[in-house]
Every structure is written in structure tokens, then in C-alpha cells.
Amino acid sequence: MKEEVYQFSYKIFDSFQELDDDDRALLKTAQDAVSTSYAPYSEFNVGAAAKLANGEIVKGSNQENVSFPAGICAEGVVLAVAASLFPKVPIKTLAISYTTSKSLSDHPIAPCGICRQSLQEFREKTGSPVRLLMGGLHGKVIVVDDASLLLPFSFKF
Ligand code: THU
């Protein structure tokens, strides 16, 4: 038997003002995309924006449905749109933001488990890590250099 330890590093910025110009602009695009969210059931509005390796920016938001499992996350929308418009083009950075009626948007949110699995496969398909930029409207911003770090033991066969 041997025991292994899994760990990874990430960066925490005190506010979006500390980001460089490109990252700040991408996070702002994700914040703007929140306005297109359709989330009458959860009242949790998520926006995401991807900067692709070809320089294109793709954005999207969560789209819910009265049949709850039919809803799709903002990250899932962006991955699907990016892959459809620009097949096989890697995503350099994916920014995620949100607003909610239930609390201040003052801390980052991370992609849900299903989106982590989708991000992992996007990385495999394009051969390039997806950097994550996570922040609300205010407060700290967390940067992870490779979204796959958030899903050790991802499902594969
Ligand atoms: N949601 C996202 O869009 N991204 C995530 O990473 C987590 C959750 C959406 C799904 C649902 O519409 C709402 O947020 C509340 O769960």
C-alpha cells in the first residue's frame, strides 16, 4: 500500500482591480453575460466568458427549465458555443461571475462537478489547459491555471 497526496496551487487576488487588463476585461465580459441568464427558479444568475487561442471571445449564461435537470450551466453553454463556432480551438481562459437575489456577489464561485467533467474533456480534446478566473461582482478573484486540477479522478474509460 502507498498513500499519495493531491495538491495544487492557485492565486487569490483581493479584487478585480489587481488583475491585468486582459483578465479584468474578460471578467467584466462574464459579469455582463449575467444579464442574459434565465434563472427564474434558482434566482442564481451566472455568466461566463471564454478567451480562445484564436483571440475570439465567447460568452454565455445559465439557462434553466421548469424541468430542472434540463437547465444548463453558464460554463456548459460557453463550452458548447466555443466548440460549435470554433471546433478544436483551445480556450485560454474561462471567466465566471454571478449575481443572486440571496446574497451579495462578493466572493468567487467555482464550476459545478458536471462542468468540471466537461472542462476536463475540453482540455483533452484541444490538448490545452483551460485557465479559470472566478469572481463575483466584488471581492476576491481566484485564478486556477488548469481547470482539470479541480477534478482529480475525473471519469474516463
Ligand atoms: N450554475 C452555473 O451556471 N454554473 C455553475 O458552475 C454552478 C451552477 C447554475 C445552474 C443553475 O441554473 C443555477 O446556477 C443554480 O444552481
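For the structure itself, look to the data block above.
Let us look at the structure shown here. On a predicted model such as this, the values are computed, not experimentally measured, just so you know.

## Side note on helix α1 (residues 21-33)
Item 1. The end-to-end C-alpha separation of α1 is 18 Å, in line with the 18 Å expected for 13 residues at 1.5 Å each.
Item 2. When α1 is considered as a whole, its buried residues turn out to be Asp 23, Leu 26, Leu 27, Thr 29, Ala 30, Gln 31 and Ala 33.
Item 3. Those residues of α1 that are buried lie in contact with β2 (44-52), β3 (57-61), β4 (91-100), β5 (131-135) and β6 (141-144).
Item 4. The backbone nitrogen of Asp 22 lies 3.2 Å from a side-chain oxygen of the residue at the head of α1, namely Asp 20.

## Quick word on the packing of helix α2 (residues 74-85) against helix α3 (residues 113-126)
Item 1. At their nearest, the axes of α2 and α3 sit 9 Å apart, and the two run at 25° to each other. Here α2 is positioned roughly parallel relative to α3, judged by the angle of their axes. Considering only the axes of α2 and α3, their crossing is left-handed. Touching Glu 75, Gly 76, Leu 79, Ala 82 and Ala 83 of α2 are Cys 115, Ser 118, Leu 119, Phe 122 and Lys 125, all from α3.
Item 2. When grouped by side-chain class, the residues that make up the contact of α2 with α3 number 6 nonpolar, 2 polar and 2 charged.

## Some thoughts on the sheet that holds β4
Item 1. Read from one edge of the open sheet, 6 strands run β1-β6-β5-β4-β2-β3, paired in mixed fashion. Of all the strands in the sheet, just β1 (11-13) and β3 have a single pairing partner and so form its edges. Here the average twist between neighbouring strands, direction ignored, is 15°.

Here is what the cut-offs are and how they apply
- Residues numbered from 1 in each chain as written.
- Predicted model: local features only at pLDDT ≥ 70, side-chain atom pairs only at ≥ 80, totals over all residues.
- Heavy atoms only, no water.
- Helix = DSSP H or I, 4+ residues; strand = E, 2+ residues; numbered from the N terminus.
- Expected span 1.5 Å × (residues − 1).
- Buried < 20%, exposed > 50% of the residue type's maximum accessible area, 1.4 Å probe, protein only.
- Contact = heavy atoms within 4.5 Å.
- Polar contact = N/O pair within 3.5 Å; in protein donor to acceptor, adjacent residues only side chain to side chain.
- Axes fitted to C-alpha atoms, helices over the stretch in contact; angles between N-to-C directions.
- Parallel < 35°, antiparallel > 145°, perpendicular 65-115°, else oblique.
- Left-handed = near helix turned anticlockwise from the far one by under 90°.
- Nonpolar A, V, L, I, M, F, W, Y, C, P; charged D, E, K, R; others polar.
- Pairing = 2+ DSSP bridges.

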